[in-house]
Amino acid sequence: MSQEIEIINKATELFFQYGVRSVTMDDLSKDLGISKKTLYQFVQNKSDLVKKALENFMKTQRVEIDFILNQKKQCYRRDSIYWQNKSKKFKKNTSFFNVRFRKILSRIVANSAGL
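> I'd like to hear about the packing of helix α1 (residues 3-18) against helix α2 (residues 25-32), residue by residue, with values.
The interhelical angle for the contact between α1 and α2, taken along N-to-C directions, is 120°, at an axis separation of 10 Å. Here α1 lies oblique to α2, going by the angle between them. Every pair of crossing elements has a handedness; the one defined by α1 and α2 is right-handed. Each of E6, I7, K10, A11 and L14 in α1 lies in contact with α2, whose residues at this interface are L28, D31 and L32. Taken together, the residues of the contact of α1 with α2 break down into five nonpolar, no polar and three charged.

> Describe the pattern of salt bridges, naming the residues involved and giving the relevant values.
Taken as a whole and judged by the stated rule, the model has six salt bridges. Residue K52 pairs with E4 through a salt bridge whose shortest N-O separation is 3.2 Å. Of the two residues, K52 sits in helix α4 (residues 46-113) while E4 sits in helix α1, which places them 48 residues apart along the sequence. Using a relative accessible area of 31% as the deciding quantity, one classes E4 as partly exposed. Across the pair D26 and K36 runs a salt bridge whose closest N-O atoms are separated by 3.3 Å. A residue pair is termed long-range when its members are at least 10 positions apart, and D26 in helix α2 and K36 in helix α3 (residues 36-39) qualify at 10 residues. With a relative accessible area of 36%, D26 lands in the partly exposed category. One connected set of salt bridges, linked through shared partners, spans E4, D48 and K52.

> How would you sum up the side chain of N56? Please name residues and give values.
Turning to its location among the elements, N56 is positioned in helix α4. Of the residues examined, N56 reaches a relative accessible area of 18% and is grouped as buried. Looking at N56, its side chain comes within polar contact range of the side chain of N9, at 3.0 Å. Leave out the neighbours within four places in its chain, and N56 touches I8, N9 and T12.

About the cut-offs
- Within each chain, residues carry numbers counting from 1 in the order of the written sequence.
- Selection of residues for local features in this predicted model requires a pLDDT of at least 70, selection of side-chain atom pairs for listing and counting requires 80 or more, and totals for whole chains, interfaces and linings are taken over all residues.
- Side-chain numbers come from the whole structure's heavy atoms, not from hydrogens or water.
- Angles here are taken between N-to-C directions and fall from 0 to 180 degrees, while the axes themselves are lines fitted to C-alpha atoms, restricted in helices to the stretch in contact.
- Strands are runs of DSSP state E lasting at least two residues, helices are runs of H or I lasting at least four, and both sets are numbered from the N terminus onward.
- Here the word oblique covers every angle except those under 35 degrees (roughly parallel), over 145 (roughly antiparallel) and from 65 to 115 (roughly perpendicular).
- Left-handed describes a crossing whose near helix is turned anticlockwise from the far helix through less than a right angle; right-handed describes the clockwise counterpart.
- By the convention used here, residues are in contact when the closest approach between their heavy atoms is within 4.5 Å.
- Any residue that is not Ala, Val, Leu, Ile, Met, Phe, Trp, Tyr, Cys, Pro, Asp, Glu, Lys or Arg is counted as polar, Gly included; the first ten are nonpolar and the last four charged.
- Put simply, a salt bridge is a Lys or Arg side-chain nitrogen that is within 4 Å of an Asp or Glu carboxyl oxygen.
- Working definition: with a 1.4 Å probe on protein chains only, accessible area under 20% of the residue-type maximum means buried, over 50% means exposed, and in between means partly exposed.
- N or O atoms closer than or at 3.5 Å make up a polar contact, with two conditions inside protein: a donor-capable atom paired with an acceptor-capable one, and, for residues adjacent in sequence, both atoms drawn from side chains.

Right under this line is the structure:
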């Protein structure tokens with residue numbers, strides 16, 4: 001993992017844990033075990049860091065949402081295929097029952113006419 005990504009991930013974690021106002025650049029550099037000079041090589045200031053952390057968070061959330069939606073689409077497709085197959089079987093069975101029903105009905109009508 002690149003150092004910039006490591007910084008952004010740690011900053012995101014600390015911002016969510018303590019709040020943006022409470023976390024200082026000193027806190028972040030100490031937590032990462034780097035100097036503030038190294039930290040400022042990757043971000044211009046705290047506002048820049050907050051912006052990058054927020055963008056990173058939104059990107060990860062988007063990936064998770066896309067994953068969930070993809071799972072739901074696959075589930076809907078599976079359900080749709082299942083019900084389409086059930087529907088085809090039902091139509092076949094319905095025609096079978098219609099033929100049987102017509103035969104039985106014709107026998108009843110024939111027997112009734114014979115009375």
